[in-house]
Protein chains: 2
Amino acid sequence: MSGTGLACPLPLALPGRVVLGHGSGGRMSGELIRDLFLPAYGNAMLGRMEDQAVVGIGGCRLAMTTDSFVVKPLFFRGGDIGSLAVHGTVNDLAMGGARPLYLSAAFIIEEGLEMESLRRIAGSLGRAAARCGVEVVTGDTKVVEKGSGDGVFINTTGIGLVREGVKLSAAGARPGDAVLLSGPIGEHGIAILSEREGLEFEGEMVSDSAPLDTLVAAMLAASREIHCLRDPTRGGLSSALNELAAQSGVGIEIEEGAIPVRESVRGACELLGLDPLYVANEGKLVAIVDERAAGAVLEAMRSHPLGAEAARIGRVSGEDRGWVRMRTTFGTTRVVDMLPGDQLPRIC
Amino acid sequence: MSGTGLACPLPLALPGRVVLGHGSGGRMSGELIRDLFLPAYGNAMLGRMEDQAVVGIGGCRLAMTTDSFVVKPLFFRGGDIGSLAVHGTVNDLAMGGARPLYLSAAFIIEEGLEMESLRRIAGSLGRAAARCGVEVVTGDTKVVEKGSGDGVFINTTGIGLVREGVKLSAAGARPGDAVLLSGPIGEHGIAILSEREGLEFEGEMVSDSAPLDTLVAAMLAASREIHCLRDPTRGGLSSALNELAAQSGVGIEIEEGAIPVRESVRGACELLGLDPLYVANEGKLVAIVDERAAGAVLEAMRSHPLGAEAARIGRVSGEDRGWVRMRTTFGTTRVVDMLPGDQLPRIC
C-alpha cells in the first residue's frame, strides 16, 4: 500500500475536549462512537455501525434511525432545515431497504426565533413528510435562552418496515461487485457554503436534498442482488466508500473520470480548495451490486428522476482490504482517505 | 365558575418571536402546538395530544415517543442529563401502557465540552437503559460551535409494544373515577433549581428521576380499569391534570391536604415563591382509575418502591368540564389553572 499509514490506524486517546471534527462524520466521529459511545451502551446492534437499526417486532423487521439537524443557515437554495430533517431520516431508512412509515419531530428552539421562520420550517417539514408518505406522529418542543442555541435544531427519528427478503448491510460488499452512484456529487455542501458565505458562483448552486425511498424501491424491484446502499452525506462520497470498505473488509476501486460532478460544483470546489469527494450530498446514494445485476439496477436508477445521471463508478476488489483507491483522470492511482475531521461544519 | 375567564380561552395570535414560555409545557406550549405544528403536520395522531403515538405495525400496537433534553446543569443530585433522557422517554412509553423496548440517542454537543463529562453522561445513559431493559440501537452526534449550544442536548426517541388489552388515553377519564398520585411532588424541579442557583435548603434536594415502567406494569396487573396515566413533568401536577380534564372533557376535583409534598420541598417552595403544583417531577405519575378498582390499584402502587407514598388525591366530576378545582387546607375551593409560560426553564 501507499505510504499514508496503516490500514487500521492505532487507536489514539480521545482529546480532552470535544471539537467540531467530532461531528464531521469522518474519522474523528468514528473514534468518538467507537471509544466513547459503544462502550457506554454496549450492544451488538450499534456495533454494526449501520445508518439504521433493524429490530424484530411482532414478526416484522422494523428499521429505526435518528438524526439531529443543525444546518446553518436554516434556509438555503433547494430546501431548508425542515425538509432536510425529513429527507435525511427517510433516506437512512431507505438505505436499509425499509419503507419509511412514521417520524417523530423534536425542536430545540433558541429564544427569539421569528415565529414566521418557525412556521415556514414546520410547514416545509410537514409537506416533505406528506410527499414521502410518512406521518409525523409525535413531537416535542424545547426552548433555550438566547445564546444557548442557534435558531433551531431539529431531531427526526424514523421507523419503517424492511421489505420482505431484502438484506442490505454495510458489511455486504463482495469482491467483483459493481459500485454505482445515483448522480453528481457535492451539490448540497456547495449550496450551503455559498449561502452561508454569501458567495456567488457561475451557475446556481442548489442543494440536492431529496427523499430517495422511491428510487430505492425501483432499484429493489429491478434486482434483489443489491448488497449495500449508503447515502454519502457528511464526509461525502469518500467517507461512505471508506465505511463500506472497512465494514465489508474489501477494497474499493473507483475511476475519477466516471464520477459525475457538475461543472458549477467543480468550479466552486476549485476556487474554494475543496475536493468534491469530501463534500456533502443529501439526495444521492451509492449502491454496491452483484456484477450480474449491475446493468439492470443502473437502468432502473436512470429511469427514475433522482437517478437520471446514475453512473457505474468502480468495483469491489479482494485486494487492499479496507482501502479505497481511485484511478485519476491523469492515469495515476491514489488512496481516497477519510478526512479526520470537518471540511464544512454544520452542513446538515 | 370562578371569575378567571372562559373554560376555553379564545385563541390569541402567536407572538412574533418564540419565547422561553413556548417550551414550558404550559399553555403557551399548547398554543404553539395547536396553532403552528398541528396545521403544518395535520394528522389525527398528533391531534390527540397524547405523550406517545400508537401505530399499528404487523398486527402489533407500537408506541413511539420523542423528547429532547436541555436540562441545566447537566449533572444534579439524583441524576444527570443522560439518565434523565432515558427515564423521560421510558416514562412517556409507560404512560401509554407500552413495554419500552428500543431507544435512539442523538447528541448535539457544544464544541469545548469536556470529553470526561460526555463520557460520564453516555455511561449514565447506558446504565439507565440497561436498568430499564431497553436497548440503545441507533444514535447520532452533531457538534456546534462554542456559543451555538450549551454543553450538550440529547434527544431520545423510544418505541415499545402496547400491552394486549390495554387502552390508556388522556381522553379516557369518566365522572366518578378516582385520581391517584404515585408520591410526593416537586422534587425534580427544586433539585435542579437549588443546583443551578447554588442554594442550600434544609434537607437534601434530590431529583426523583426514575423509570416508571415497572410501576405501571404492577398497576396494570392489579386492574385493567385504569383509564389515564400521565407523568407530571414540565408544568407539574397542575398541567398534567388540566390536560387530562381538557382532553377527557371532565372536571377534576383535588384535595390540597391529600397531595404528598415533602417538608423540604414545601419549605424551599415557600422561600422561592413557587407553588409545588407547578414544579416538575421526573419519577411520578397520576392515574385516573375506575372507582371500583381504585383500592386495588393504590395497593399495587404502594407495594412498589416508586409508589410507596402513593395517595388518592381527588375525583373526576361531570361538572365544570375542562377545569381543575382544589379544596384547600383552609376549606376554600380554588381553580388550579395551567401556567401560561415558564416557571422554571430548562428543567428537563
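Residue numbers run consecutively from 1 along every chain, following the written order of its sequence. Numbering of ligands from 1 and lettering of chains from A proceed in the order in which they are written. Reporting of local features is limited, given that this is a predicted model, to residues whose pLDDT is at least 70; pairs of side-chain atoms are given and counted only at 80 or more, and all residues count toward the totals for whole chains, interfaces and linings. Each side-chain value is derived from all of the structure's non-hydrogen atoms; neither hydrogens nor water enter the calculation.

**Focus: the side chain of A:Glu110**
Residues and elements named next belong to chain A.
So, step 1. Each helix is a run of DSSP H or I of at least 4 residues and each strand a run of E of at least 2, with the numbering of both proceeding from the N terminus. Positionally, Glu 110 belongs in strand E5 (residues 98-110).
So, step 2. No salt bridge forms around the buried Glu 110; measuring N to O, its nearest opposite-charge neighbour Lys 146 is 4.5 Å away.
So, step 3. Pairing of N or O atoms within 3.5 Å defines a polar contact, subject to two protein rules: one partner must be a possible hydrogen donor and the other a possible acceptor, and residues neighboring in sequence count only if both atoms are side-chain atoms. A distance of 2.8 Å separates a polar side-chain atom of Glu 110 from the backbone nitrogen of Gly 147. For each residue, the accessible area found with a 1.4 Å probe, counting protein chains only, is set against the maximum for its type, and the residue is called buried under 20%, exposed over 50%, and partly exposed in between. We count Lys and Arg on the positive side and Asp and Glu on the negative side, and we leave His and both chain ends out. Within this document, salt bridges are pairs made up of a side-chain nitrogen of Lys or Arg and a carboxyl oxygen of Asp or Glu, the two lying within 4 Å of each other.

**A word on the relation of the copies chain B and chain A**
So, step 1. Fitting of the copies onto one another was done by least squares over C-alpha atoms, counting residues only where both copies have pLDDT of at least 70. Laying chain B over chain A is done by rotating through 180° and shifting 0.0 Å along the axis; what remains is an RMSD of 0.0 Å. Viewed as a symmetry operation, the transformation between the two copies matches a two-fold axis. Distance from the rotation axis, computed per C-alpha, reaches its smallest value in chain B at B:Gly149: 2.1 Å.
So, step 2. What makes two residues a contact is simply this: any of their non-hydrogen atoms within 4.5 Å. Both copies share a contact surface, since 100% of the interface residues of chain B are interface residues in chain A too.

**Overview of unusual backbone geometry**
Both trends apply: most residues other than glycine have a negative phi, and most peptide bonds are in trans.
So, step 1. With an omega dihedral of 5°, the bond running from A:Lys72 to A:Pro73 counts as a cis peptide bond.
So, step 2. The backbone of A:Arg346 sits at a positive phi, close to 55°, despite the residue not being glycine.
So, step 3. Position of A:Arg346 among the secondary structure elements: in the segment after strand E14 (333-335).
So, step 4. Despite not being glycine, B:Asp320 shows a phi value in the positive range, around 45°.
So, step 5. The exposure class of B:Asp320 is partly exposed, given its relative accessible area of 23%.

**A short note on the interface of chain B and chain A**
So, step 1. Contact with chain B, which involves 77 residues of that partner, is made by 77 residues of chain A.
So, step 2. Looking at the side of chain B facing chain A, the largest losses of area belong to B:Val18, B:Met64 and B:Met115, adding up to 10% of the total buried there.
So, step 3. Remark: the boundary between chain B and chain A carries 10 salt bridges.
So, step 4. Close ionic contact of B:Arg17 with A:Glu114 constitutes a salt bridge, the shortest N to O distance being 3.2 Å.
So, step 5. Inspection of the region where chain B meets chain A yields 25 residue pairs in polar contact (both at pLDDT 80 or more).
So, step 6. Those elements that provide at least two residues to the side of chain B that touches chain A are helix H1 (27-41), helix H2 (44-47), strand E1 (53-57), strand E2 (60-69), strand E5 (98-110), helix H4 (115-132), strand E6 (135-144) and strand E7 (152-162) of chain B.
So, step 7. Among the elements that make up the side of chain B that touches chain A, the one with the highest residue count is E6(B) (10 residues).
So, step 8. Split by residue class, the side of chain B that touches chain A holds 40 nonpolar, 22 polar and 15 charged. Accessible area that two parts lose when put together, with a 1.4 Å probe and added across both, is what the buried area reports. Any residue that is not Ala, Val, Leu, Ile, Met, Phe, Trp, Tyr, Cys, Pro, Asp, Glu, Lys or Arg is counted as polar, Gly included; the first ten are nonpolar and the last four charged.

**Quick notes on the sheet that holds E7(B)**
All names here are of chain B.
So, step 1. Should DSSP find at least two bridges between two strands, the strands are taken to pair. Strand order in the open sheet made by the 5 strands is E1-E2-E7-E5-E6, with mixed pairing throughout. Of all the strands in the sheet, the pair left with one neighbour each is E1 and E6. Recorded for the sheet is a direction-independent mean angle of 20° between the axes of neighbouring strands.
So, step 2. Relative to E7, E5 is paired through 11 bridges, and the arrangement is antiparallel. The residue of E7 that forms the bridge with Leu 103 is Gly 158.
So, step 3. To obtain an axis, a line is fitted to C-alpha atoms, over the contacting stretch when the element is a helix, and the angle between two such axes runs from 0 to 180 degrees between their N-to-C directions. Where helix H3 (residues 81-94) meets the sheet, its contacts fall on E2, E5 and E7, and the angle it forms with E2 comes to roughly 145°.

**Considerations on the domain arrangement of chain A**
All names here are of chain A.
So, step 1. Each domain of chain A was delimited in the assignment, giving domain 1 (53-162) and domain 2 (178-335).
So, step 2. Each domain's extent was defined by an automatic or database domain assignment. Here the C-alpha centroids of domain 1 and domain 2 sit 24 Å apart.
So, step 3. Taken together, the contact between domain 1 and domain 2 spans 18 residues of the former and 21 residues of the latter.
So, step 4. With both chains or domains summed, domain 1 and domain 2 bury close to 1700 Å², and 59% of this area falls on carbon and sulfur atoms.
So, step 5. Summed over the three residues of domain 1 that lose the most area to domain 2, namely Arg 77, Asn 91 and Met 95, the buried surface amounts to 39% of that side.
So, step 6. Our count for the domain 1 to domain 2 interface comes out at 0 salt bridges.
So, step 7. With 7 residues, the top contributor of residues to the side of domain 1 that touches domain 2 is helix H3 (residues 81-94).
So, step 8. Per-class residue counts for the side of domain 1 that touches domain 2 are 10 nonpolar, 5 polar and 3 charged.

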